[in-house]
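Architecture at a glance
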Amino acid sequence: MTASLTRENSKGFVPGLPISDREDTARRLLASSARKSYDPVIEVDWEAPIPDDKFGMTPEWSTLYGTALWDELTDEQRIELTKHEAASVSSVGLWFEVLLMQMLLRDVYDRDKYSSHVQFALTEVADECRHSVMFARAGERLGMPGYGPPKYIHQLGRLWGHYFRGANAYASVMAAEEILDMMQRDFMRDERVQPVTRAVSRIHVLEEARHIRFAREEVTRRLTGASRARLAFERIQTAVVVYFVVKSMIHPAVYSNAGLDRDRALAEAKGNKHHHDKVRKSGAKLMTFLDSVGLVGGPSKILYKKVHLL
């Protein structure tokens, strides 16, 4: 790509200077958005029947897969459980998409609106609006309750929405999106899974690839040359958000709503080594990146271990 006529500086964009790395990335992502964006209202067949013999999500991602309780369940019970778990994951994804949109809009509020960086951020907000509606419709189509995170985490999200800034905000967004992405890549390819879950997962994975790259590069830029004190602050803030997002993925009510003994299911899910290993292996790429930019270390490791990412 040839040099453009603008370059970002601390106050905006100055004519006549070479393009910045930030602008170059944004222009490439804008071009990708123009080529490959999806309207879930059209792309997803919302009127298609919900097969009785299809899982809500890849069964190996169920929090009970590999436990004694899972072995006792009938196929019908396993399918019902995974529908509730899929709805819980989608509800948390929807909740975090709303927080992500707030963060992006706050971040670009004082920036040059003619810049490609701001234009891609606004494009991402438009994507996330569609994703939020898509997640809501998917849960509704499966006939599931609207889960979302526990109330105290929902309220903590208000604080995050108002006060998180800079690298920790982008790192938190990137981490949350990658956690969802690592599950949905399996969902979209698995023919055992409900068609609506596969279609929603496919759209989200394809469009989130751009968002994840945008966030990764922004985190790297903003942490370049950061002091040890700032890195320590960003590190713990990011880990706290990741901890709460992962803890929220499966609402405790999914078990009783699926007709299971809630207390036993919670206990078996908590000690499920298969699920812990799956999260750890799938999150390896994310943790490698966070470590490479200095966001893993000290107390943050305790939080990552608690949600089995380390």
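Here we summarise the structure given alongside this text. In this numbering scheme, every chain counts its residues from 1 along its sequence in written order. Local features in this predicted model are restricted to residues of pLDDT 70 or higher, and side-chain atom pairs are both shown and tallied only at a pLDDT of 80 or more, whereas totals for entire chains, interfaces and linings draw on every residue. Each side-chain value is worked out from all heavy atoms of the structure, with water and hydrogens disregarded.

Details of helix α4 (residues 75-108)
Which entries qualify depends on this criterion: Put simply, DSSP H or I for four residues or longer makes a helix, DSSP E for two residues or longer makes a strand, and each gets a number counted from the N terminus. Expected span of a helix, by definition, is 1.5 Å for each gap between consecutive residues, and there is one gap fewer than residues. When a residue's accessible area, from a 1.4 Å probe over protein chains only, is under 20% of the maximum for its type it is buried; when over 50% it is exposed; and in between it is partly exposed.
With 34 residues, α4 ought to run about 50 Å at 1.5 Å a step, and its terminal C-alpha atoms sit 49 Å apart, in line with that. Counting buried positions over the 34 residues of α4 gives 25, a clear majority of the element.

With respect to the packing of helix α1 (residues 21-35) against helix α8 (residues 195-223)
Defined as follows: Axis lines are fitted to C-alpha atoms, over the contacting stretch for helices. Their N-to-C directions set the angle, which ranges from 0 to 180 degrees. Any angle that falls under 35 degrees is termed roughly parallel, while one over 145 is termed roughly antiparallel, one within 65 to 115 roughly perpendicular, and all others oblique. We call two residues contacting when some pair of their heavy atoms lies within 4.5 Å. In this classification, Asp, Glu, Lys and Arg are treated as charged, Ala, Val, Leu, Ile, Met, Phe, Trp, Tyr, Cys and Pro as nonpolar, and every other residue, Gly included, as polar.
The interhelical angle for the contact between α1 and α8, taken along N-to-C directions, is 175°, at an axis separation of 10 Å. Put simply, α1 runs roughly antiparallel to α8. Facing Asp 21, Arg 22, Thr 25, Arg 28, Leu 29, Ser 32 and Ser 33 of α1, the residues of α8 in contact are Arg 210, Arg 213, Phe 214, Glu 217, Glu 218, Arg 221 and Arg 222. Per-class residue counts for the contact of α1 with α8 are two nonpolar, three polar and nine charged.

Some points on α1
Given 3.6 residues per turn, any residue in an α-helix points the same way as the ones three and four places further on. Between its terminal C-alpha atoms α1 stretches 21 Å, which fits the 21 Å expected from 15 residues at 1.5 Å a residue. Residues of α1 that are buried: Arg 22, Glu 23, Asp 24, Thr 25, Ala 26, Leu 29, Ser 32 and Ser 33.

Here we look at the pattern of salt bridges
The condition is simple: We count a salt bridge whenever a side-chain nitrogen from Lys or Arg sits within 4 Å of a carboxyl oxygen from Asp or Glu.
All chains considered together, the criterion is met by 21 salt bridges. Linking Glu 218 and Arg 221 is a salt bridge whose minimum nitrogen-to-oxygen distance equals 2.8 Å. Taken together, the residues span about one helical turn, with Glu 218 and Arg 221 both in helix α8 at a distance of three residues. A relative accessible area of 0% means that Glu 218 is categorised as buried. Look at Arg 221 and you get partly exposed, because its relative accessible area is 25%. For Arg 280, the salt bridge is made with Asp 277, and the minimal N-O distance between the two is 2.8 Å. Highlighted residues: Arg 280 and Asp 277, both in helix α12 (residues 273-282), separated by three residues, approximately one helical turn. A relative accessible area of 30% means that Arg 280 is categorised as partly exposed. The partly exposed category is assigned to Asp 277, whose relative accessible area is 34%. When salt bridges with common partners are traced through the structure, they connect Arg 22, Asp 107, Arg 111, Arg 213, Glu 217, Glu 218, Arg 221 and Arg 222 into a single cluster.

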